[in-house]
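Structural characterization, general
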Amino acid sequence: MRRILKWVLLAAASVAVTVPLTLAGVPSAGLFAALAVGVVLALLSLAPAGVPRPAGVVAQGVLGVYIGTMVQHDAFAALGSDWPFVVGIAVATLLLSVAAGALLGLHREVTPLTGSLALTAGGASGLVAIARDLGGDDRVVSVVQYLRVALVTASMPLVVAFVYHPDKSHPSADMAQQSTAPWYLSLAVLAALVLVGAAGGRLLRLPGAGLLGPMALTVALQLTGLSFGLSVPALLVQAAYFVIGWQAGLAFTTESLRAIARILPAALALIAVLGVGTAGLGVVLAHYTALTPLEGYLATSPGGVYAVLATAVETGSNVTFIIAAQVLRVLLMLFASPLLARFVVWASRRLSRHPADQSDATTPASRAPIRVAD
């Protein structure tokens, strides 16, 4: 009965915090609320021991399908002959993220792998979901990733207003709404994608198979036009956010919280550097394509996809091109993460003669999954 009451308290508090955050327009409000509530209740010894692994795998699958449904064939077609430039900029963003993550990994309380995952500029909720599977510390990854999204989203209106001075008298028409399948058909397809994708990912020894397997299948269906209007119910998306947030939040201790607080100044500085660097990539993209400087900035923004969409519509920008570039960035970051994890583990072992010198303050819960990334 005590365990049940703890779960009821955790769920009720998470819903209570999510509602005002959603109304305030906070990105991924459910994930942030669940993370914050989980941390507080864990520190007060009022939280459950942890999230059952099957629940975490199902949440990853739901989130993978949800991200996959963002892919629209018509949107990618809008890239036209400019797609090599967009792919090149996305790869450059990945390399910039890796460099920033490597610098964060120099901190004695962060492993190089955790630093790389924490500062990968794309798919924050997906990266938090699979961080533990890849061998990283999902507590550090969740905090730093959410800081990145929050800072990018909060700074975007200021950058747009004071740097680009857009003309808002001719807003764009919003992207055309796709017809969606009946809810019962969507649920059936969703269940099949989660089961088949996760099982197939494990057979292929794909790290983060619970997320990436269903996502890959969904992207394939979307691009081939065989998804038949698949959509993930909002309640299921919120439930997946809750589970992923709880998974990281319930693992917090007073010691780990203090350790994360000590790395925040470095993390904030690197997030700012990442933002400036991607803005520079936006200038390069605009120079080699028909985009305006503002559109280049929005297309390369390292986070806040929904804020990017709203700003693009409000300023009369090329919405279809910008969203296609953003979705491509997110997919690249998520699918590259397993390879990135393997490379970082290999490089850190080759370059570090004294791996035991690194503090374990923030990584004890992640020792077992390191085998997956090795």
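A quick note: this is a predicted structure, and the numbers were derived from the prediction, not measured.

Next up on the list: the overall build of the protein chain. A tally of regular secondary structure across the protein chain gives 16 helices and 0 strands. What you see for the protein chain is a C-alpha radius of gyration of 20 Å, in line with the 21 Å of a compact globule of 374 residues. In terms of overall dimensions, the protein chain has a C-alpha envelope of 55 × 50 × 40 Å along the principal axes. In the protein chain, which comprises 374 residues, the share counted as buried stands at 49%. Counting only contacts in the protein chain whose residues sit at least 6 apart along the sequence, the fraction spanning at least 24 positions is 80%. Looking at the protein chain as shown, the accessible area adds up to about 17300 Å², and 69% of this sits on carbon and sulfur atoms. Averaged over its 20 positive side-chain charges, the protein chain has a centre that lies 14 Å from the centre of its 14 negative ones.

Given 3.6 residues to a turn, an α-helix orients residues that are three or four positions apart in the same direction. Across its 27 residues, helix α8 (residues 138-164) extends 36 Å between first and last C-alpha, which sits within 8% of the 39 Å expected from 1.5 Å per residue. Taking the largest bend as the criterion, α8 deviates by roughly 35°, centred on S155, and proline P157 comes between one and four positions later. With a side-chain oxygen positioned 2.9 Å from the backbone nitrogen of R139, the residue opening α8 is D137. Two residues or fewer past α8, H165 is found with a positive phi of approximately 45°.

Moving on, we get to helix α10 (residues 209-224). With 16 residues, α10 ought to run about 22 Å at 1.5 Å a step, and its terminal C-alpha atoms sit 22 Å apart, in line with that. Residues of α10 that are buried: A209, G210, L211, L212, G213, P214, M215, T218, V219 and Q222. One or two positions beyond α10, positive phi appears at G225, with a value near 75°.

The next thing to look at is the nonpolar core. With 90 residues, the main nonpolar core has M215, L298 and L334 as its most contacted residues. Considering every element that reaches this core, the biggest residue donor is helix α15 (residues 319-351), with 14 residues. Not counting residues up to four positions away in its chain, the partners in contact with L334 are I67, G123, G126, L127, L211, L212 and M215.

Below, the discussion takes up the side chain of D82. As for its position among the elements, D82 is in the loop between α4 (73-77) and α5 (83-104). Here D82 occupies a buried position and makes no salt bridge, while the nearest side chain of opposite charge, R329, is found at 17 Å. With sequence-adjacent residues up to four places away left out, D82 is seen in contact with Y288, T289, A290 and F321.

So, about the pattern of salt bridges. Scanning the entire structure with this criterion turns up 5 salt bridges. Its salt-bridge partner being D133, residue R53 comes within 3.4 Å of it at the nearest N-O pair. One end of the pair, R53, is in helix α3 (residues 53-68); the other, D133, is in helix α7 (residues 124-134), with 80 residues separating them in the sequence. Note on R53: relative accessible area 54%, which makes it exposed. Salt bridges sharing partners connect three or more residues here, namely R108, E109 and R262.

Glancing now at a nonpolar patch on the surface. Nonpolar side chains collect at one region of the surface, where M1, I4, L5 and V8 lie side by side and expose about 450 Å² of accessible area between them. By the secondary structure assignment, I4 is in helix α1 (residues 2-23). Using a relative accessible area of 52% as the deciding quantity, one classes I4 as exposed.

Quick look at the side chain of T218 now. The topology assignment puts T218 in helix α10. Classification of T218 by relative accessible area gives buried; the value is 1%. Not counting chain neighbours up to four residues away, the residues in contact with T218 comprise V65, G68, T69, L193 and L230.

Turning our eyes to something else, we now look at the packing of aromatic side chains. The final tally for this structure, using the stated rule, is 7 aromatic pairs. Measuring from centroid to centroid gives 5.9 Å for W7 and W246, while their planes differ by 65°, and the two rings are edge-to-face. In this pair, W7 sits in helix α1 while W246 sits in helix α11 (residues 234-249), placing the two residues 239 residues apart along the sequence. With a centroid separation of 6.2 Å and 35° between ring planes, the pair formed by F343 and W346 is classed as tilted. Linking F343 with W346, this pair stays in helix α15, spanning 3 residues, or about one helical turn. Using a relative accessible area of 48% as the deciding quantity, one classes W346 as partly exposed. In textbook terms, an aromatic cluster arises when at least three aromatic residues are bridged by ring pairs, as seen for W7, F242 and W246.

Looking at where L274 falls in the secondary structure, it is placed in helix α12 (residues 254-288). Residue classification places L274 among the buried residues on the basis of a relative accessible area of 2%. Distance from L274 to P338, taken between C-alpha atoms, is 21 Å for residues 64 residues apart in sequence. Setting aside anything within four residues of it in sequence, one finds L274 in contact with L96, S97, L119, A121 and R148.

At a minimum axis distance of 8 Å, the contact between α1 and helix α2 (residues 29-43) shows a crossing angle of 135°. The orientation of α1 relative to α2 falls into the category oblique. In this structure, α1 crosses over α2, and the sense of that crossing is right-handed. Only A29, G30, F32, A33, A34, V37, G38 and L41 of α2 make contact with α1, whose side of the interface consists of L9, L10, A13, S14, V17, T18, L21 and T22.

Criteria and cut-off values
Residues numbered from 1 in each chain as written. Predicted model: local features only at pLDDT ≥ 70, side-chain atom pairs only at ≥ 80, totals over all residues. Heavy atoms only, no water. Helix = DSSP H or I, 4+ residues; strand = E, 2+ residues; numbered from the N terminus. Rg over C-alpha atoms; globule rule 2.2 N^0.38 Å. Buried < 20%, exposed > 50% of the residue type's maximum accessible area, 1.4 Å probe, protein only. Contact = heavy atoms within 4.5 Å. Areas by Shrake-Rupley, 256 points an atom, 1.4 Å probe, with all protein chains shown as cover. Lys, Arg positive; Asp, Glu negative; His and termini not counted. Charge placed at Lys NZ, Arg CZ, Asp CG, Glu CD. Expected span 1.5 Å × (residues − 1). Bend = angle between axes of the 7 residues up to and from the residue. Polar contact = N/O pair within 3.5 Å; in protein donor to acceptor, adjacent residues only side chain to side chain. Core = buried A, V, L, I, M, F, W, Y, C linked by side-chain atoms within 4.5 Å. Salt bridge = Lys/Arg side-chain N within 4 Å of Asp/Glu carboxyl O. Patch = residues over 30% accessible without salt bridge, like charges linked within 9 Å, V, L, I, M, F, W, Y side chains within 5 Å. Phe/Tyr/Trp six-rings, centres within 6.5 Å; stacked < 30°, edge-to-face > 60°. Axes fitted to C-alpha atoms, helices over the stretch in contact; angles between N-to-C directions. Parallel < 35°, antiparallel > 145°, perpendicular 65-115°, else oblique. Left-handed = near helix turned anticlockwise from the far one by under 90°.

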